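The primary structure of each chain is shown beneath.
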Amino acid sequence: MAIATVPGAGIDVGSQAPAPVDPRRARRNRRIKDNLTGYAFLIGAVICFAFFSWYPMIRGVVMSFQRTRAGETTWVGWDNYERIINDPSFWTAWQNTLYFTVLALIAGYAVPFFLAVLLNEFRHAKGYLRILIYLPVMLPPASALFLFKYLAYDPSDAGLFNSILKAVGLPTSQWMQSTDMTMPAMVLASTWMNMGGAVLIYLAALQNIPGELYEAAELDGAGLWRRITNVTIPQTRLILSLMAMLQVVATMQLFIEPLILANGAGSEDSATSVVYLIYQHGFFQNDLNGAAALGVIMLVALIGFSAVYARLNAKQD
């Protein structure tokens, strides 16, 4: 097939080069395309949060001011809050929850940090030790707690912990059947179950500390404890502060430990937590409005704690 040519010019019309593309227009189109892609991902995340986080939260606040009986909903104002606060279990649950939080800060917050410092000092087998410490995190929480309940916390001499105590000549314990040992036992199980993630976070922070600081401390004759107090803790203060706040928020939501280890309330309500009390109102007493009111009270308490904690940290900075 012959290619058409312009008479007298000798120019091949079929082989003409395409018109040049405007670079500014190309950049603008690429920017619009990137923005549309980003907004598409953002809209998906916003929809998920709206349906599964924000709507239940707003709905819970509204339900806390209502009362539903026989399918009929009426507005009752602060009645649900007054009824919940006047319930003796309310104060017992808060006392137990705060007690657990304090114990968890002493053990569950300090132990992972010092384990990370110790691992950071090792020169060999770091990977194997990290796997060993992180292994409990890989277990489903319910499975890990059932292991503690039936193997470690067996109140008879066949239990692991009682066997160890008996072997060293110490008195055995009833563990979850004892009102005094319920909370310490739950803190021990929770710390073992969750500390792996915190250890890895602390290890990442420790490895970002310049080695020159430790070398200077060693030249000054500082031992391990002085290096920790004068170099490690100041250099990781930001991550320590963040983990402390996350630790408090997480431990205040104590639920699965009393549910599995203590069968819910425990002996003489020694294991009843605020979240477990919400679960009781909602699923056992069919009191969704009271459960919503209790959830709002806990939400306000956590928001207040977070605001005060952030304010104190800002003043220190």
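In the block above lies the structure referred to throughout.
We now turn to the structure provided with this report. Just so you know, these numbers come straight off a predicted model, no measurement behind them. (Residues numbered from 1 in each chain as written. Predicted model: local features only at pLDDT ≥ 70, side-chain atom pairs only at ≥ 80, totals over all residues. Heavy atoms only, no water.)

**Thoughts on the pattern of salt bridges**
Charged atoms that come close allow side chains of opposite charge to pair.
Here's step 1: All told, the structure shown has 1 salt bridge when counted by the stated rule.
Here's step 2: With a closest N to O distance of 2.7 Å, aspartate 287 and arginine 83 form a salt bridge. On the criterion of sequence distance, the pair formed by aspartate 287 in the loop between helix 12 (274–284) and helix 13 (288–316) and arginine 83 in helix 2 (residues 79–85) is long-range, its members being 204 residues apart. (Salt bridge = Lys/Arg side-chain N within 4 Å of Asp/Glu carboxyl O. Helix = DSSP H or I, 4+ residues; strand = E, 2+ residues; numbered from the N terminus.)

**A closer look at the layout of surface pockets**
Here's step 1: Roughly 510 Å³ of internal volume is contained in the largest pocket.
Here's step 2: Lining the largest pocket are 16 residues, and of these Ile278, Ala291, Ala292, Gly295 and Val296 sit closest to its centre.
Here's step 3: Elements with a contribution of two residues or more to the lining of the largest pocket: helix 1 (23–63), helix 12 and helix 13.
Here's step 4: The element best represented in the lining of the largest pocket is helix 13, accounting for 8 residues.
Here's step 5: Split by residue class, the lining of the largest pocket holds 13 nonpolar, 3 polar and no charged.
Here's step 6: If you add up the space inside the second largest pocket, you get close to 390 Å³.
Here's step 7: Lining the second largest pocket are 21 residues, with Ser190, Asn194, Gln247, Ala250 and Thr251 sitting closest to its centre.
Here's step 8: Among the elements of the structure, helix 3 (88–121), helix 7 (182–206) and helix 10 (237–252) are those that each provide at least two residues to the lining of the second largest pocket. (1 Å grid on protein atoms, 1.4 Å probe; cavity = no way out; pocket = protein on both sides within 12 Å on 5 of 7 lines; lining within 4 Å. Points joined across faces, edges and corners; volume = space filled by probe spheres on them. Nonpolar A, V, L, I, M, F, W, Y, C, P; charged D, E, K, R; others polar.)

**Description of helix 7**
Here's step 1: The end-to-end C-alpha separation of helix 7 is 34 Å, in line with the 36 Å expected for 25 residues at 1.5 Å each.
Here's step 2: Roughly 50° is the biggest bend found in helix 7, and it falls at methionine 195. (Expected span 1.5 Å × (residues − 1). Bend = angle between axes of the 7 residues up to and from the residue.)

**Points about empty space enclosed by the protein**
By rolling a water-sized probe across the atoms, one finds the places where empty space is left.
Here's step 1: Here the structure, examined in full by the defined rule, presents 1 cavity of 30 Å³ or more.
Here's step 2: Looking at the largest cavity, its volume works out to about 50 Å³.
Here's step 3: Of all the secondary-structure elements, those providing two or more residues to the lining of the largest cavity are helix 3 and helix 9 (224–235).
Here's step 4: Taken together, the residues of the lining of the largest cavity sort by class into 5 nonpolar, 2 polar and 2 charged.

Structural measurements only, silent on function.
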